[in-house]
Amino acid sequence: MTTTTITLDNGVAMPALGLGVFLTPAEQTAGAVSTAIRCGYRLIDTASAYLNERAVGEGIRNSGVPRKELFITTKLWPGQYGFDQALRGFDGSLSRLRLDYIDLYLLHWPVPGSFADTVQAYKAIDRLRAEGRIRAIGVANFLPRHLQKLQEETGLVPALNQIELNPFYTQPETRAANAERGIVTQAWAPIGGTYLRNKNAVTSGADTPLKHPLITGLAAKYGKTPAQVVIRWHLDHGFSAIPKSVHAERIIENFAVFDFALTNAEIAKIDALDTGVRAGGDPETFTAESYPTDVDGQ
């Protein structure tokens, strides 16, 4: 089954819609991944810090779909930044996934407080790209000034920037900085479930975009679920999105978004739901200690 694709700056085609596995327990990950692949997903997004790369690899093998038809993303944890450390971190991810190459490899956070290590890590993964072990490289959670500084220090522009992005937090400045540089914007937490934990981002009585009357009204209009409407909003903007779920029916449902499109007016109305309130970590202060995890010991 084919899906809408986005072409990265080096000509690599990436599926626009994928399955994310952040906070997916390892014991549920393999099943979610194999289910997603069997129902048409070709992009799977994980990270060393998610502690489920082994299970992602298992799900890939169980799916029965050839590796060359899949697009696998994983990420380097800040605790492994620095040139040599990044090379070792990559080898660890490749070993856990039991793959010969990674389609897209990202620096997980910018870590402004030790940006020299960030720069060295990016140079290391660019070498891995040149060697053919990675097809494309990028970043996650980088703000415009981080993108600018990385470009100044390395002479390189990331292919993709994965950021927190949903109707309640639209990050127009970061999206504009991405577009200016030809960087693809990819959304983590694209449906906005993180807002259930953030009471400062309640709008129109809704603590998640899925409960907002605009979204529920559009869902009724199109005969879709609120989650499908939000995913379609991402795709209509030209973003990539990686919604997560461990439930087979939800995984299948989230993929059934290629038979309708929102109007420009509807997209603009959803854009206007932005609260400007971040629900996840702050890229300006995030370090490896912000989310304690034993990446090396897994």
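Our subject in this report is the structure included herewith. Treat the numbers as computed from the prediction; the structure is a model and nothing was measured.

**Description of a nonpolar patch on the surface**
Okay, so step 1: On the surface, Phe22, Leu23 and Tyr291 cluster together to form a nonpolar patch covering roughly 260 Å² of accessible area.
Okay, so step 2: Among the structural elements, Phe22 can be located in the loop between β3 (18–20) and α1 (26–38).
Okay, so step 3: By relative accessible area, Phe22 is classed as partly exposed at 31%.

**What about unusual backbone geometry?**
Okay, so step 1: One non-glycine residue, Leu51, lies in the positive phi region at around 60°.
Okay, so step 2: Owing to a relative accessible area of 40%, Leu51 belongs among the partly exposed residues under this scheme.
Okay, so step 3: Positioned with a positive phi, Arg98 is a non-glycine residue whose angle comes to about 60°.
Okay, so step 4: Within the secondary structure, Arg98 sits in the loop between α3 (83–97) and β6 (102–107).

**Remarks on helix α5 (residues 144–154)**
Every α-helix winds through 3.6 residues per turn, so residues three or four apart in the chain are directed the same way.
Okay, so step 1: All of the buried residues in α5 are His146, Leu147, Leu150 and Thr154. In an axial view of α5, the angular spread of the buried residues amounts to 100°, which keeps them on one side of the axis.
Okay, so step 2: Looking at the buried positions of α5, the neighbouring elements they touch are α4 (115–130), β7 (134–140), β8 (160–164) and α6 (172–181).
Okay, so step 3: Just beyond α5, the residue with positive phi is Gly155, at close to 75°.

**Observations regarding the nonpolar core**
Most often, soluble globular proteins have nonpolar side chains that are buried together.
Okay, so step 1: With 91 residues, the main nonpolar core has Leu8, Met14, Leu19, Val33, Ile60, Leu107 and Ile125 as its most contacted residues.
Okay, so step 2: Here the element with the most residues in this core is α4; it accounts for seven residues.
Okay, so step 3: Beyond its immediate chain neighbours, meaning those up to four positions away, Leu19 contacts Ala32, Val33, Ala36, Tyr41, Leu43, Ile44, Asp45, Ile242, Pro243, Lys244, Ser245 and Ile251.

**Overview of the packing of α3 against α4**
Okay, so step 1: Between α3 and α4, the least distance of the axes is 7 Å, while the angle of their chain directions is 50°. Of the possible angle classes, the one that applies to α3 and α4 is oblique. By crossing handedness, the relation of α3 to α4 is classed as right-handed. Taking contact as the criterion, the partners of Phe83, Ala86, Leu87 and Phe90 in α3 are, on α4, Gln120, Ala121, Lys123, Ala124, Arg127 and Leu128.
Okay, so step 2: Taken together, the residues of the contact of α3 with α4 break down into seven nonpolar, one polar and two charged.

**So, the pairing of strand β9 (residues 184–188)**
Okay, so step 1: Of all five residues in β9, five are buried; the element is thus mostly enclosed.
Okay, so step 2: Residues Val184, Gln186 and Trp188 point to one face of β9 and Thr185 and Ala187 to the other, with burial holding for every one of them.
Okay, so step 3: Sheet topology note: the β8/β9 ladder contains five bridges and is parallel. Within β9, the position partnered with Asn161 by the bridge is Thr185.
Okay, so step 4: Between β8 and its parallel partner β9, the chain crosses via α6, and the hand of that crossover is right-handed.
Okay, so step 5: Sheet topology places β9 next to strand β10 (residues 240–241); two bridges connect them, and they run parallel. In the sheet register, Gln186 faces β10, and the bridge partner there is Ser240.

**What to know about the environment of Pro144**
Okay, so step 1: Position of Pro144 among the secondary structure elements: in helix α5.
Okay, so step 2: Sequence-wise, Pro144 and Glu173 are 29 residues apart; in three dimensions their C-alpha atoms are separated by 7.3 Å.

**A word on the pattern of salt bridges**
Okay, so step 1: Using the criterion set out here, one finds 14 salt bridges in the structure.
Okay, so step 2: A salt bridge links Asp91 to Arg133, with the shortest nitrogen-to-oxygen separation between them at 2.8 Å. Taken as a pair, Asp91 in helix α3 and Arg133 in the loop between α4 and β7 lie far apart in primary sequence, 42 residues in all.
Okay, so step 3: Residue Asp91 is classed as partly exposed on the basis of its relative accessible area of 36%.
Okay, so step 4: Arg250 serves as the salt-bridge partner of Glu253, at 3.8 Å between the closest nitrogen and oxygen. One end of the pair is Glu253 and the other is Arg250, both in helix α9 (residues 248–255) and three residues apart, which spans about a single turn.
Okay, so step 5: On the basis of relative accessibility, which here comes to 41%, the residue Arg250 falls in the partly exposed class.
Okay, so step 6: Overlapping salt bridges bring together Arg67, Asp103 and Arg135 as one network.

Here is what the cut-offs are and how they apply
Residues numbered from 1 in each chain as written. Predicted model: local features only at pLDDT ≥ 70, side-chain atom pairs only at ≥ 80, totals over all residues. Heavy atoms only, no water. Patch = residues over 30% accessible without salt bridge, like charges linked within 9 Å, V, L, I, M, F, W, Y side chains within 5 Å. Areas by Shrake-Rupley, 256 points an atom, 1.4 Å probe, with all protein chains shown as cover. Salt bridge = Lys/Arg side-chain N within 4 Å of Asp/Glu carboxyl O. Helix = DSSP H or I, 4+ residues; strand = E, 2+ residues; numbered from the N terminus. Buried < 20%, exposed > 50% of the residue type's maximum accessible area, 1.4 Å probe, protein only. Arc of directions from axis to C-beta. Contact = heavy atoms within 4.5 Å. Core = buried A, V, L, I, M, F, W, Y, C linked by side-chain atoms within 4.5 Å. Axes fitted to C-alpha atoms, helices over the stretch in contact; angles between N-to-C directions. Parallel < 35°, antiparallel > 145°, perpendicular 65-115°, else oblique. Left-handed = near helix turned anticlockwise from the far one by under 90°. Nonpolar A, V, L, I, M, F, W, Y, C, P; charged D, E, K, R; others polar. Pairing = 2+ DSSP bridges. Right-handed = clockwise from strand over helix to strand, strands pointing away.

Keep in mind these values describe shape, not function.
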